[in-house]
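Topology and contacts: notes
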Amino acid sequence: MSTQGSGASPRRWHGVHKALADPLRIRLLEALWEMPQSARELADHVDLPADRLYYHLNQLERVGLIEIAEYRPLARGKVERVYTPAVTEPPSDAANPKEMAEFLGSMLDATRADINAAYRSKQAGGRREVDLHRGALRLTDEALAELRGHIERLATQFGDRDAPGVWTRVVITVVDLQDRPSPDAAPRA
């Protein structure tokens, strides 16, 4: 993670993991990624009454994952809120370990919920694709930079939110399992 361009307060992520612990909230957030929607429109999307969603929408708004995009006028002078995903940044490299753990925990909780929902759908006869890969590679600094470049190009190539198709979650983690040698250290033979 880079610290450049990250003006977001690390405290902003406090509580996000709890907000994303409910699969319904993840479904609401995913629906909003497609387009801004009101509680009434979201209710149709998740097949629940709108009054059951306000608590969940408030939880997502409280932790900064969604925000109100506009107030839409209704009949008799009433208005409805139209929600959209908030523009958020992960904690910077300056975040303390607890703040980073909360952020990463929320990501892992959301990913776990996605995987569980996909397998439940498959068990019920639905068609969901799930591919899980885990491995360890020995990478030089140059190979690590090349791998990151490939990941960035793939994200750019397939990251068109307006393209037709099925919303698909992709989580890629590149984590050193040990400290890297300093650049001026002599290579071992």
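Okay, so let's go over this structure. (Residues numbered from 1 in each chain as written. Predicted model: local features only at pLDDT ≥ 70, side-chain atom pairs only at ≥ 80, totals over all residues. Heavy atoms only, no water.)

So, about the overall build of the protein chain. Helices and strands together make up the secondary structure of the protein chain, namely 6 helices and 3 strands. The order of helices and strands in the protein chain, counted from the N terminus, is α-α-β-α-α-β-β-α-α. Relative to its full complement of 189 residues, the protein chain shows a buried share of 28%. Considering only contacts in the protein chain between residues 6 or more positions apart, those separated by 24 or more positions represent 57%. (Helix = DSSP H or I, 4+ residues; strand = E, 2+ residues; numbered from the N terminus. Buried < 20%, exposed > 50% of the residue type's maximum accessible area, 1.4 Å probe, protein only. Contact = heavy atoms within 4.5 Å.)

A side chain with one charge may pair with a side chain of the opposite charge, provided their charged atoms come close. Tallied over the entire structure, the rule returns 7 salt bridges. Residue arginine 72 is joined to glutamate 80 by a salt bridge in which the shortest nitrogen-to-oxygen separation is 3.0 Å. Overall, the relative accessible area of 23% leaves arginine 72 in the partly exposed class. Classification of glutamate 80 by relative accessible area gives buried; the value is 9%. Through salt bridges that share partners, Arg40, Glu41, Arg72 and Glu80 make up one connected network. (Salt bridge = Lys/Arg side-chain N within 4 Å of Asp/Glu carboxyl O.)

A word on the pairing of strand β3 (residues 79-85). The side chains of a regular strand alternate between both faces of the sheet. With 5 of its 7 residues buried, β3 lies for the most part within the structure. Sheet topology note: the strand β1 (residues 37-38)/β3 ladder contains 2 bridges and is antiparallel. Considered in β3, the bridge of serine 38 is made with valine 82. Here strand β2 (residues 66-73) runs beside β3; their pairing, made up of 7 bridges, is antiparallel. Counted as the bridge partner of tyrosine 71 is arginine 81 from β3. Hairpin remark: β2 followed by β3, antiparallel, with 5 residues in the connecting loop; positive phi at arginine 76, about 60°. (Pairing = 2+ DSSP bridges.)

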